[in-house]
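# Structural description and commentary
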Amino acid sequence: MKRLTSDLAVFGGPVEFADVLHVGQINIPEKERFEAIFSGIFSRRYYTNHGPLQQELEVRLEDLFRVRNAIAVTNATIGLMLACKALGLREGGRVIVPAFTFAASVQALSWAGLMPLFCDVDPDTHVLSVESVRAALEEPGVCAILGVHLWGTPCGVEELRRLADERGIKVFYDAAHAIGNTINGLSVGNFGDLEVFSFHATKIFSSGEGGCVTTNDDELAERLRNLRSSYGRRMDVPVPIGGYGRFSEAQAALGLLSLEDFAANCEMNGRRFGRYRERLADVPGLRFILPPAGERSNSQYVVLEVDEALFGLSRDAIVKCLQRENILCRRYFTPGMHRCLPYSSELPQYVESLPVTDFLCSRVMQLPSGQQMDDNKIDAVCDLIIFLHENAENIAGRLCEQQ
Ligand SMILES: *Cc1c(COP(=O)(O)O)cnc(C)c1O
């Protein structure tokens, strides 16, 4: 417990946590379960190419999402690249996408030969603003909308569907954050022409590396399977180019274990999130980004906006102080993709065009959750944040002197 500002690690005090607390924790299964499922892989001597574990996982994912097709792929980035080809998006086309997202959402478009058309996001929900999408649709050469369900918060799927249909263009989603979440009670995975999930180690559902594409359109699904490789396709259908985004048995094994733990991990995350909210409820200048009321949510992302004027310290100052205590909170996502190379130089027209994105990039931070946290650790993190607020003026002055 810190009493004086000099107790803060940033000013030379003792570090609060001996072990670092990460955002995006790996939720590891018990070793016995891991060994049992991997011994099956070794005895079958079958490592990849649409093996039995992959087939089982795909069926289980279709059940989880209640979707007709789940196509497992190497990772979400490759899933997005294959998706662009499966959707028939021609090279040189422009795709509406938020700049406030993980780099891969945008970079996958570039790999597919497409150009991002950056749109701003909604200040409350952090997902694509329907208003700015409507305006962007007036520009020439738009062939698709790629929405991102950021922090698991759903995009305005009905509105975007309608706008896309009016113009005869595609709409698809980066659902990397939204596994297990619902929109109007229906699982994410059922919206747009297709949706892409990530099973990266930092996601709540993990196969180490991995991902899947989901769609209720069987023809589109068959193109995706053919793009992925000849293994696992049901029919031979023409595709523009092979993608080889295969999914190995080792990935499938980890995925099956993660699926068994999925409900419990969501529940655990929900409790962690609730504890943070409860403990920080009265701290001025902090706003949690919450899932929509009445929907299911994996609660994987404990995301806050910091209002410096009310809290007394900037987001960057808070992050600096917490990181020195081994609380590796993150400034996700900073800067926006419109300010990152190559886009800031190739598409300079967007650099000053996304005020909400820039605003959020300066205020958003993410706190650690998952298996490695517990109530005591969350309380200690919250006590520190409260301490930072209560001593904000003094701390801000000392941080200034340090520079
Ligand atoms: C993790 C993530 C990705 C990339 O997923 P990979 O499986 O690592 O390729 C894409 N978009 C978002 C929003 C992500 O968080």
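Scroll up to find the structure.
First, a word on scope: everything that follows refers to the structure included in this document. (Residues numbered from 1 in each chain as written. Predicted model: local features only at pLDDT ≥ 70, side-chain atom pairs only at ≥ 80, totals over all residues. Heavy atoms only, no water.)

### Points about the packing of helix 10 (residues 315-324) against helix 14 (residues 392-402)
Two elements in contact, helix 10 and helix 14, have axes whose closest approach is 11 Å; the angle formed by their N-to-C orientations is 80°. By the angle between their axes, helix 10 is roughly perpendicular relative to helix 14. Facing Ala317, Lys320 and Cys321 of helix 10, the residues of helix 14 in contact are Ile395, Leu399 and Gln402. Across the contact of helix 10 with helix 14, the residue classes break down as 4 nonpolar, 1 polar and 1 charged. (Axes fitted to C-alpha atoms, helices over the stretch in contact; angles between N-to-C directions. Helix = DSSP H or I, 4+ residues; strand = E, 2+ residues; numbered from the N terminus. Parallel < 35°, antiparallel > 145°, perpendicular 65-115°, else oblique. Contact = heavy atoms within 4.5 Å. Nonpolar A, V, L, I, M, F, W, Y, C, P; charged D, E, K, R; others polar.)

### Concerning unusual backbone geometry
Among all residues save glycine, negative phi is the norm, and among peptide bonds the norm is trans. That bond from Tyr332 to Phe333 is cis: its omega, -15°, falls within 30 degrees of zero. For Phe333, the location among the structural elements is in the loop between strand 13 (327-328) and helix 11 (343-346). Here the residue pair Leu341 and Pro342 is connected by a cis peptide bond, since its omega of 5° sits within 30 degrees of zero. You can see Pro342 is positioned in the loop between strand 13 and helix 11. In this structure, Asn49 takes a positive phi of about 70° despite not being glycine. Counting through the fold element by element, Asn49 comes out in the loop between helix 1 (31-44) and helix 2 (52-65). Even without a glycine there, the phi angle at His126 is positive, about 70°. Relative to the helices and strands, His126 resides in the loop between strand 4 (115-119) and helix 5 (130-136). Since its relative accessible area comes to 1%, His126 is described here as buried. (Buried < 20%, exposed > 50% of the residue type's maximum accessible area, 1.4 Å probe, protein only.)

### Some remarks on the side chain of Ser229
Mapped onto the elements, Ser229 comes out in the loop between helix 7 (218-228) and helix 8 (249-280). Its relative accessible area of 3% is what places Ser229 among the buried residues. Here Tyr231 takes part through its backbone nitrogen, which lies 3.2 Å from a polar atom of the side chain of Ser229. Those residues in contact with Ser229, other than ones at most four positions away along the chain, are Tyr244 and Arg246. (Polar contact = N/O pair within 3.5 Å; in protein donor to acceptor, adjacent residues only side chain to side chain.)

### What about the pairing of strand 14 (residues 364-367)?
Burial of the side chains of strand 14 extends over both faces: Val364 and Gln366 are buried on one face and Met365 and Leu367 on the other. Sheet topology places strand 12 (residues 302-306) next to strand 14; 4 bridges connect them, and they run antiparallel. In the sheet register, Val303 faces strand 14, and the bridge partner there is Gln366. (Pairing = 2+ DSSP bridges.)

### As for the site of the ligand
What surrounds the ligand is a group of 13 residues, the closest being Thr77, Asp174, His177, Ser198 and Lys203. The side chain of Lys203 places a nitrogen or oxygen atom 3.1 Å from an oxygen atom of the ligand. The fraction of the free accessible surface of the ligand (380 Å²) that becomes covered by protein chains is 93%. Counting residues per element, the ones that place at least two in the shell around the ligand are helix 3 (76-86) and helix 4 (103-111). A per-class count over the shell around the ligand returns 4 nonpolar, 7 polar and 2 charged. (Near = heavy atom within 4 Å. Areas by Shrake-Rupley, 256 points an atom, 1.4 Å probe, with all protein chains shown as cover.)

### Concerning helix 13 (residues 375-390)
For helix 13, with 16 residues, the first-to-last C-alpha span of 22 Å sits near the 22 Å given by 1.5 Å per residue. Within helix 13, burial applies to Ile378, Asp379, Ala380, Val381, Cys382, Leu384, Ile385, Phe387 and Leu388. (Expected span 1.5 Å × (residues − 1).)

### Side note on the packing of aromatic side chains
According to the stated counting rule, one finds 14 aromatic pairs in the structure shown. Judged by centre distance (5.5 Å) and plane angle (10°), the ring pair of Trp151 and Phe333 falls under stacked. Here Phe333 lies in the loop between strand 13 and helix 11 and Trp151 lies in the loop between strand 5 (142-148) and helix 6 (157-167), a separation of 182 residues in the sequence. Residue classification places Trp151 among the buried residues on the basis of a relative accessible area of 7%. Members of the aromatic cluster, connected to one another through ring pairs, are Phe100, Phe102, Trp151, Tyr301, Tyr332 and Phe333. Over the aromatic face of Phe102 sits the side chain of Lys203, whose NZ or CZ is 5.8 Å from the ring centroid. The ring centre of Phe11 lies 4.5 Å from the NZ or CZ of Arg398, which sits over that ring. (Phe/Tyr/Trp six-rings, centres within 6.5 Å; stacked < 30°, edge-to-face > 60°. Lys NZ or Arg CZ within 6 Å of the ring centre and 35° of its normal.)

### Some thoughts on the nonpolar core
With 96 residues, the main nonpolar core has Ile96, Phe118 and Phe172 as its most contacted residues. Per-element accounting of this core gives the leading share, 7 residues, to helix 8. Setting aside chain neighbours within four positions, we find Phe118 in contact with Val97, Pro98, Ala99, Val106, Met337, His338, Tyr343, Leu347, Tyr350 and Leu354. Residues Leu8, Leu313, Ala317 and Leu388 belong to the second largest nonpolar core, which totals 37 residues. (Core = buried A, V, L, I, M, F, W, Y, C linked by side-chain atoms within 4.5 Å.)

Remember that the coordinates give geometry; whether it matters functionally is a separate question.
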